[in-house]
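Single-letter residue listing:
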Amino acid sequence: MTAISIVVQARMSSSRLPKKVLLPILGESLLYRMVERLQQIKHKASIVIATSENSEDDVIEEFCQAKNITCFRGSLNNLLDRHYQVGVLTNADIVIKIPSDCPLIDPRIVDKVLDFYVENEGKYDFVSNLHPATYPDGNDVEIMTFEALKKAWQEATRPLELEHTTPYFWENPDKFRLANVTWETGLDYSMSHRFTIDYYEDYLFIKRVFEELYPQNPAFSLEDILSLLEEKPEIYAINQHFAGVNWYRNHLGELKTITAEQTKLSI
């Protein structure tokens, strides 16, 4: 059986919204609510919270201990190394990167990308649903074989490759066999719908979505969220002005495979 490790990178420092991963959502932290959703996937996988060795992240390790979640601590800025070390620690065949700022991630989407990888096992080194993205921002799934991850870990040197983990894969299609899973609807909401957290308004949006949907159905889906936003457009409006904002905009000159159309350049 393929050993799967899901790595959720989390840290307390954030230039725009410090301590965001432990903000409260219905009596639990945002990070817990995200792990709770990941635990709903149908594939058997280990979930590991990877944080830094900095003392300010002691609280994340304490959270993991309290919730019986595996925690790994490593470099503050080299997240590629953290992913690799988790792969070593868990003896993983494949490692999945899912950022901690995706608390609304739909486990069905994780399964969809995993299904594609499994159905094509041996054909691809790296499979994602965001290069290019079509799903609403905040449903990010990137799957890499451990051998491919090891190769990237050995060869990547640029700061953005180390910090963001996967650009070395995107930028080197001659070294890796790449595949991308698009939203089966044919729609592209990657620039129009924002389910990720980086600003306080994002937190208010995510909190409201949980409050509206979770009590009736803790396993609410992407479709449930979109229906809610149609029914109550005032929720969509909470963080609408940040839709399309992502880290790409600061690195357009360094990334060959990302265009200006894939990010909002100003807020």
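Scroll up to find the structure this text is about.
So, here is what we can say about the structure in this document. What you are looking at is a predicted structure, and each value in this text was computed from that prediction instead of being measured. (Residues numbered from 1 in each chain as written. Predicted model: local features only at pLDDT ≥ 70, side-chain atom pairs only at ≥ 80, totals over all residues. Heavy atoms only, no water.)

## Section: helix α8 (residues 200-213)
Thinking step 1. Counted at 1.5 Å a residue, the expected span for α8 with its 14 residues is 20 Å, and the 20 Å between its end C-alpha atoms agrees.
Thinking step 2. When α8 is considered as a whole, its buried residues turn out to be D202, Y203, F205, I206, V209, F210 and L213. The arc that holds the buried residues of α8, viewed along the axis, is 165°, so those residues lie on one side.
Thinking step 3. Against β2 (24-25), α1 (30-38), α9 (222-231) and α10 (233-236) lie the buried residues of α8. (Helix = DSSP H or I, 4+ residues; strand = E, 2+ residues; numbered from the N terminus. Expected span 1.5 Å × (residues − 1). Buried < 20%, exposed > 50% of the residue type's maximum accessible area, 1.4 Å probe, protein only. Arc of directions from axis to C-beta. Contact = heavy atoms within 4.5 Å.)

## Quick word on the pattern of salt bridges
Thinking step 1. Tallied over the entire structure, the rule returns 21 salt bridges.
Thinking step 2. Between E28 and K67 there is a salt bridge; the shortest N-O distance is 3.0 Å. Taken together, the positions of E28 in strand β3 (residues 28-29) and K67 in helix α2 (residues 58-67) put the pair 39 residues apart, joining distant regions of the chain.
Thinking step 3. K67 sits in the partly exposed class, given a relative accessible area of 31%.
Thinking step 4. One salt bridge in this structure joins D137 and R194, with 3.9 Å as the shortest N-O distance. Of this pair, D137 sits in the loop between β7 (126-128) and β8 (142-145) while R194 sits in the loop between β9 (178-180) and α8; the two residues are 57 residues apart in sequence, bridging distant segments of the chain.
Thinking step 5. Using a relative accessible area of 16% as the deciding quantity, one classes D137 as buried.
Thinking step 6. Among the ionic contacts, a cluster of salt bridges with common partners joins R208, E212, K232 and E234. (Salt bridge = Lys/Arg side-chain N within 4 Å of Asp/Glu carboxyl O.)

## Here's the deal with the nonpolar core
Thinking step 1. Ranked by internal contacts, the top residues of the largest apolar core, which has 55 residues, are L38, I49, L104 and V209.
Thinking step 2. The set of elements that each furnish at least two residues to this core consists of β1 (4-9), α1, β4 (46-52), α2, β6 (94-97), α4 (107-119), α8 and α9.
Thinking step 3. Among the elements that take part in this core, α8 stands out by supplying 6 residues, more than any other.
Thinking step 4. Discounting residues that sit within four places of it in the chain, L104 has contacts with R37, N139, F195, F205, I206, V209, F210, F220 and I225.
Thinking step 5. Residues L149, A152, F169 and F176 belong to the second largest nonpolar core, which totals 25 residues. (Core = buried A, V, L, I, M, F, W, Y, C linked by side-chain atoms within 4.5 Å.)

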